[in-house]
Amino acid sequence: MTTTTLQEALSRLWKEEQTRQRLPASLFTLLLYLPSRSLLPRYERLVHTLLQKIPCRLIWILQEESLSSLRTSVGSLPFSQGGSSLFCEEIRLETPSSLLERIPFLLLPHLIPDLPVYLLWAEDPTHQPPLLSSLAAMAQRVIFDTAAPSSLPDYAQALLSLLDALHGEVGDLHWSSTMGWRHLLATTFAQAEDFAAFAGKATLRFAYTPGEGPYPMEVLYLQAWLAARLSGIPLRLLPKKEGVELDYKTPEGMLHFLLTPHYTSDFAPSTLTDIEILGGENQATYTFKRRPHSQQVFVQHSDSYQCDLPYCRTLSEGGKLLDELFYPPVSTHYRDMLTLLASETLPWPHYQGKTHA
Amino acid sequence: MRYHDLVPTMNTGPTQDIGFLNPLEEKGRAPRLVDPCILVIFGATGDLTARKLVPALYNLSREGQLPSHFACVGFARREKSHDRFRCEMEEAVRRFSRSSPLDENLWQLFANQLYYHISHFDQDAGYEALRLFLHELDGRLGTKGNRIFYLATPPSYFPTIIQKLGEHKLLYDTHQMREKWSRVVIEKPFGQDYESAVSLQQVVMNHLSESQLYRIDHYLGKETVQNLLIFRFANSLFEAFWNNHYIDHVQITVAESMGIGTRAALYEESGIMGDMIQNHMMQLLCLTAMEPPTSLHSDAIRDEKVKVLKALRPIDLARFEEQVVQGQYGPGYVDGLPVVGYREEEKVAPLSATATYAALKAYIDNWRWVGVPFYLRAGKRLPKRATEIAILFKKVPSILFSHKNPPGDNILVIRIQPDEGISLRINCKVPGPSSPIQPVKMDFRYGHYFGLTPPEAYERLIYDAMLGDSTLFERSDEVLASWKWCTPILTRWRERVDTSFPNYPAGSWGPPAADRLIAQDRRAWRLL
C-alpha cells in the first residue's frame, strides 16, 4: 500500500468515526517495532493498559518473513477515558526484512506534527540494525524491551552506547519493572546506620520465578543496581545448575549474591518474590517476602541488638510504558547498572534463543 | 561514595535536606522518601478526618507513599477504643476514598497503624498521656520521634492546642530538631480577620518556628491549581499578552451549589470571607496575577504571591457599594429540588447576618495590571459547583467588521473544577459566501487527555507535609497580607448589617446587586 492509500484509509476512518460522533485523540505518536508477530499479544496488552490512561496514535511495525510485500492496515481503538467521543488511530505496517528500509519513508508523513514521537523497540539492540537508527532519529525517546538478549554484556554495552547516541533519552521496561523494589530498598535502607548491613561480608539471596528467557532480567538488573550503588567491583560469576552466584568487592567488604529460581504458581513468570540480606558487621537480617497475587511485600529486620516487628509495604507497579514515556529518562543509576552488567569480568553465558512469549 | 563517611541524618526540615545522601535514592524518578513519623489528628471524630484525611492516608498507603514506619493517632474527646475508631475509619474510607473497592488485605495492615487517644483539647493530663503514648509508639514502631500534629478542629481551638503541645514538650526546639522533627498543620481560615490572624500568629510563634507550621489551603493541592503555574510559565505564548495591554478584565468564580450542611458553627464564625474569599479566592488571584518566580523553590513562589497581595488596591470605603456586594441565600431550588434558606439551616441563628455570597471588584496596582479590574465572586447555594478563572481580552478595533456582527471577545477560561481544563474562545468565519463571524471554542479537557484519576488534594498536601515541602502551604506574610486587604470589608459588614438578607434565592447566581456591580462598568458576569 502506498502512502497515498494509507492516507485515504485514514480519511475513510475519520469519516466513519465522525458518523459515530467520535474524534481522534492523541498526545503523541507511538511507534512499536516487533521483530516477530508472535510478540504481538504481549505488546497489545501493554498498549491496552496505556490507552486506558492516555490517547495516542499507534504505528506498529511488524516484521513478518512469510510476506513478500508490504501490508498495511488502519483501524481505531477505544480510548477508555474519552467516553464514547474519542478514539485512537492504529496503523499497522507488516513487512519482510527485505523491505524494512522502506518503513521510515512510509511512516514519516503519518507522524503527528508538533507532538512527541516515541519508539518502543522490542528486539535485542545489540545488533543495531539501520532501521533502529532511522526510527530513533524521528523519536524523542526510545524505549527498549528484550526478554532474551543473546549476550548480556553485549546487550548492556549496546544500551550504553545508545544512551550516548540518543543523549540519554532512553527508557527500558526491565529497568522500569525494578522500580518498586528499588524504591522499597531505598526506603528500608534510609539512614546511614542501615548500611552497616552491607559492611563486611553480606550475602544477598534473590528468589525469582523463572520466565521464558534464560536471563531473569528484573533480578539481574536489580542485583547490578544494588552492587553499583554500593560501589561494587565485580569479582566473580559462577553459574549454577539453577541460578547464579556473583561476588562484588565494595569499599566496605564483599557482596555475595545468590540468584535462585524457585518454581511456584503463586506468581507470574519472571517475578522477583523474595530478597534476603544476611550478614554485615552487626549480623543484620533483612527479609522481604512478596505476598502472592498482590503488590504487598512483608519486610522484617533484625540484628544482634534488636528484632523489629514485621511491616508491610506496597510495591509501586513498574514496567509501565506510561512511566517510561512521561517521566524523566533513565538516570545515572541505570547507566551505572549497565556498566556493571557490561563488565568483562563477569562471564555471562551466551544464549541463542527466544524472546518474550 | 563510602557510606560510612556520610553525615548522620539530620532531620531539620525537608527529608532531602543537608546530611545523609542515600545512594539508593534515585532523584527525579523515584517517589521522594518520607521519614518515619506519627501523624496526630486533633478532631479525629470530625467530618474532615472521615471524609478527607484518613481516606487520603489510605490512598497514600495504597500507592506505597507512606513511610515504612508510620502511625496515625486520632485525638478527640469522645470515648472510644482503638478498634472502634478503626471500624469507623474503615466505613469512612469505603464511602469517601477515591479508590474503590476497599482493598481488604491492605486495609487490615493499614488499620493496624491507626490509634485513638481520648482527651479534651485543654486537658493537661491528656497531653501528658499523649506524649507517653507517642514515645511508646516510637519504640515499638521505629517512628524516630518525628511528629505531625494536624489540627482538624475549629480555628478557635488552635491557640489552646498549640500552647498545650508546646507546654508538654511535644513540639521540638531548634536543638532537638537536629535529630527529629515536629510540624503542625492547620486548616484555613487562619484567624477571622487581620487582628485575630496577627494574634494567632504571635501565639503560634511562641511555640513554633515558621518552618514548622503548615497552613493548608486545600485548593493549592489540586492538580488544576498547580497546573496554573505550568500553564503560565511553561508556555511563552501567554506571557506576551498576560497584561493590561491585551486583557480587558478577569473574572474569578468560586461557586458551590451545596449549602453549609452541618457546619453551621464553623460557618457562622467564618462566613464567606473566611470560608472562601480570604483563602481560595486570594490564592487563585495570586496565581493568575503573579510575576514569574525566580525559581520553583517554595519561597520564590510565595514571594511573588505576597507581592500581588501587597499591590492590591485597598477598597475605597467611600464607594464601597460599587466595589463590594454581599449576600445570603434564601429558600430556593437547586438541581430542581427545594432547599431551605441559610437562616433555616440547622443551628443557624434565625436572624443571622452571616454572608454566604460576595462579589468584589479589585485592582492590582502594578505595571502589569494597572487599570484591569478583577471581578471576584464566591458563594454557597449557587446553581452549580464551578471554580474557574476567565481572562477576557480587549476587543479588536471596530474597523474591519460590521457593527451588526462584531467579533466577540476572546476568552481564555481555566476551569479548576469540575471538568478540569482550559478553553479558548476565538472567532471564526462561518462557511459560506457571506462572512458572519461565529465564536468557537478550542477546548482541552484534562480528563480526556490524561484520564488519570488524580490524587485528592489532601493526599498531596499530607505527603508534602511529611516530606517537609512547604511549597503548597501558605506562609505567614501571605496570610496576613490577604487578611489586611479583606478585613476592612469584614469590618464594614459588621458595622452596617445588611437588613436585606436573605437577598438571593438558592439556585440563582447571587443578588441583583452583584449584576449591577459589573454592569456599571458595561460588563457582565459570564454564564457558567
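Residues numbered from 1 in each chain as written. Chains lettered and ligands numbered in written order. Predicted model: local features only at pLDDT ≥ 70, side-chain atom pairs only at ≥ 80, totals over all residues. Heavy atoms only, no water.

Scanning chain B from N- to C-terminus turns up 15 helices and 18 strands. For 528 residues, the compact-globule formula gives about 24 Å, and the C-alpha radius of gyration of chain B, at 25 Å, lands near that figure. Across its three principal directions, the C-alpha atoms of chain B cover 80 × 60 × 45 Å. Looking at chain B residue by residue over its 528 residues, the buried ones come to 55%. Considering only residue pairs separated by 6 or more positions, chain B has 76% of its internal contacts joining residues 24 or more positions apart. Averaging the positions of the 62 positive and the 62 negative side-chain charges in chain B gives two centres separated by 4 Å. (Helix = DSSP H or I, 4+ residues; strand = E, 2+ residues; numbered from the N terminus. Rg over C-alpha atoms; globule rule 2.2 N^0.38 Å. Buried < 20%, exposed > 50% of the residue type's maximum accessible area, 1.4 Å probe, protein only. Contact = heavy atoms within 4.5 Å. Lys, Arg positive; Asp, Glu negative; His and termini not counted. Charge placed at Lys NZ, Arg CZ, Asp CG, Glu CD.)

Here we come to the nonpolar core. Judged by nonpolar contacts, the single largest core of 154 residues is most densely connected at Phe42, Phe149, Tyr150, Phe374 and Trp493 of chain B. In terms of residues, this core owes the most to one element, helix α9 (residues 264–289) of chain B, which gives 13 residues. What phenylalanine 374 of chain B contacts, discounting residues up to four positions off in sequence, is Val250, Leu285, Thr288, Ala289, Leu360, Lys361, Ala362, Ile364 and Trp369 of chain B. Grouped together as the second largest cluster of nonpolar side chains are 92 residues, Phe87, Met138, Ala156 and Ala192 of chain A included. (Core = buried A, V, L, I, M, F, W, Y, C linked by side-chain atoms within 4.5 Å.)

Residue and element names in this part refer to chain A. Turning to helix α10 (residues 332–341), its buried residues number three or more, namely His333, Tyr334, Met337, Leu338, Leu340 and Leu341. Down the axis of α10, the sector holding all buried residues measures 155°, keeping them to one side. For α10, the elements touching its buried residues are α5 (152–165), β8 (170–172), α6 (173–177), α8 (217–229), β10 (233–239) and β11 (244–250). Put simply, serine 331 is the residue that caps the front of α10, since its side-chain oxygen is 3.2 Å from the backbone nitrogen of histidine 333. (Arc of directions from axis to C-beta. Polar contact = N/O pair within 3.5 Å; in protein donor to acceptor, adjacent residues only side chain to side chain.)

Confidence in the prediction for chain A averages 87 pLDDT; 94% of positions are at 70 or higher. Mean pLDDT across the secondary structure elements of chain A bottoms out at helix α9 (residues 321–326) of chain A, with 80, and peaks at strand β2 (residues 29–34) of chain A, with 96. (pLDDT = per-residue confidence, 0-100.)

For the rest of this paragraph, the subject is α8 of chain A. All names here are of chain A. With 13 residues, α8 extends 18 Å between its outermost C-alpha atoms, agreeing within 8% with the 18 Å of an ideal straight helix rising 1.5 Å per residue. Along α8, 13 of the 13 residues are buried, which leaves the element largely enclosed by surrounding structure. Immediately downstream of α8, the backbone of serine 231 shows phi near 60°, a positive value. (Expected span 1.5 Å × (residues − 1).)

On to the pattern of salt bridges, then. According to the stated counting rule, one finds 59 salt bridges over all chains in the structure shown. Among the salt bridges present, the one from lysine 289 of chain A reaches aspartate 274 of chain A, with a minimum N-O distance of 2.9 Å. Linking lysine 289 of chain A in strand β14 (residues 284–290) with aspartate 274 of chain A in strand β13 (residues 272–279), this pair joins segments that are 15 residues apart in sequence. The closest approach of N and O atoms between arginine 313 of chain B and aspartate 365 of chain B, which form a salt bridge, is 3.0 Å. Of the two residues, arginine 313 of chain B sits in the loop between α10 (298–311) and α11 (320–323) while aspartate 365 of chain B sits in the loop between β12 (357–363) and β13 (373–379), which places them 52 residues apart along the sequence. The exposure class assigned to aspartate 365 of chain B is partly exposed, which follows from its relative accessible area of 37%. In this structure, a network of salt bridges that share partners links the residues Lys188, Glu256, Arg263, Asp275 and Lys380 of chain B. (Salt bridge = Lys/Arg side-chain N within 4 Å of Asp/Glu carboxyl O.)

Now for a nonpolar patch on the surface. Among the surface-exposed residues, Val396, Ile399, Leu400 and Phe401 of chain B lie close enough to one another that they form a single nonpolar patch of about 460 Å² accessible area. Position of phenylalanine 401 of chain B among the secondary structure elements: in the loop between β14 (386–393) and β15 (411–417). (Patch = residues over 30% accessible without salt bridge, like charges linked within 9 Å, V, L, I, M, F, W, Y side chains within 5 Å. Areas by Shrake-Rupley, 256 points an atom, 1.4 Å probe, with all protein chains shown as cover.)

Residue and element names in this part refer to chain B. The sheet built from six strands is open, its strands ordered β3-β2-β1-β4-β5-β6 with parallel pairing. Across the chains shown, the open sheet's two edge strands, defined by having one partner strand only, are β3 (114–118) and β6 (213–216). On average, each strand axis in the sheet is tilted by 20° relative to the strand beside it, whichever way the strands run. Of the strands in this sheet, β2 (70–76) and β3 touch helix α2 (residues 82–96), which is tilted by about 120° from β3. (Pairing = 2+ DSSP bridges. Axes fitted to C-alpha atoms, helices over the stretch in contact; angles between N-to-C directions.)

Below, the discussion takes up the interface of chain B and chain A. Between chain B and chain A, the residue contacts involve 36 residues of the former and 50 residues of the latter. Applying the counting criterion to the chain B and chain A interface returns nine residue pairs in polar contact (both at pLDDT 80 or more). Those elements giving two or more residues to the side of chain B that touches chain A turn out to be α1 (47–62), α3 (104–111) and α12 (446–449) of chain B. Taken together, the residues of the side of chain B that touches chain A break down into 15 nonpolar, twelve polar and nine charged. (Nonpolar A, V, L, I, M, F, W, Y, C, P; charged D, E, K, R; others polar.)

To continue, consider the confidence of the model for chain B. All names here are of chain B. Of the residues in chain B, 94% reach a pLDDT of 70 or more, and the chain-wide mean stands at 88. Throughout residues 1–18 the model reports pLDDT below 50, and contacts reaching past four residues in sequence, or to other chains, amount to 50 contacts. In the predicted assembly, ipTM is 0.83 and pTM is 0.80.

The side chains of a regular strand alternate between both faces of the sheet. Residue and element names in this part refer to chain B. As judged from the five bridges shared by β15 and strand β16 (residues 421–429), these two strands associate in the antiparallel manner. Following the sheet pairing, arginine 415 is matched in β16 by glycine 421. By the bridge criterion, nine bridges tie β16 to strand β17 (residues 437–445) in an arrangement that is antiparallel. Within β17, the position partnered with arginine 425 by the bridge is lysine 441.

Two aromatic rings are characterised by how far apart their centres lie and by the angle between their planes. Counting across every chain of the model gives 32 aromatic pairs over all chains. Measuring from ring centre to ring centre gives 6.1 Å for phenylalanine 189 of chain A and phenylalanine 195 of chain A, while their planes differ by 55°; the resulting arrangement is tilted. Phenylalanine 195 of chain A matches phenylalanine 189 of chain A in its accessibility class, with the two residues each being buried. Centroid distance phenylalanine 42 of chain B to phenylalanine 121 of chain B: 6.3 Å. Interplanar angle 55°. Geometry classified as tilted. Placement of phenylalanine 42 of chain B in strand β1 (residues 37–42) and of phenylalanine 121 of chain B in the loop between β3 and α4 (124–141) is noted, with a sequence separation of 79 residues between them. Grouping residues by exposure puts phenylalanine 42 of chain B and phenylalanine 121 of chain B together as buried. Following the ring pairs from residue to residue traces out a cluster consisting of Phe42, Phe75, Phe121, Tyr127, Phe149 and Tyr157 of chain B. Its guanidinium or amino end placed over the ring of tyrosine 219 of chain B, lysine 222 of chain B lies 5.3 Å from that ring's centre, counting from NZ or CZ. (Phe/Tyr/Trp six-rings, centres within 6.5 Å; stacked < 30°, edge-to-face > 60°. Lys NZ or Arg CZ within 6 Å of the ring centre and 35° of its normal.)

Residue and element names in this part refer to chain B. Looking at the secondary structure, you find asparagine 279 in helix α9. Counting along the chain gives 203 residues from asparagine 279 to serine 482, while the straight-line C-alpha distance between them is 7.8 Å. Excluding anything up to four places from it in sequence, asparagine 279 contacts Lys188, Pro189, Asp217, Met273 and Gly274. One polar contact links asparagine 279 to glutamine 278, side chain to side chain, over a distance of 3.3 Å.

On to the sheet that holds β10 of chain A. All names here are of chain A. The strand order β10-β11-β12-β9-β13-β14-β15-β16 describes an open sheet built from eight strands, whose pairing is mixed. Either end of the sheet is taken by a strand with one partner, and the two such strands are β10 and β16 (311–314). Averaged over all pairs of adjacent strands, the angle between strand axes in this sheet comes to 15°, irrespective of strand direction. Here β14 pairs with strand β15 (residues 296–302) via six bridges, running antiparallel. Of the residues in β15, the one forming a bridge with phenylalanine 288 is valine 299.

Cis rather than trans, the peptide bond between lysine 188 of chain B and proline 189 of chain B has omega equal to 0°. Along the chain, proline 189 of chain B falls in the loop between β5 (182–187) and α6 (194–205). In this structure, proline 418 of chain B follows glutamine 417 of chain B across a cis peptide bond, with omega equal to -20°. With respect to the helices and strands, the residue proline 418 of chain B is situated in the loop between β15 and β16. Phi at glutamine 21 of chain A takes a positive value of approximately 60°, unusual for a residue other than glycine. Inspection of the secondary structure assignment puts glutamine 21 of chain A in the loop between α1 (3–19) and β1 (23–24). One non-glycine residue, arginine 522 of chain B, adopts positive backbone phi at about 60°. Structurally, arginine 522 of chain B is set in the segment after α15 (512–519).

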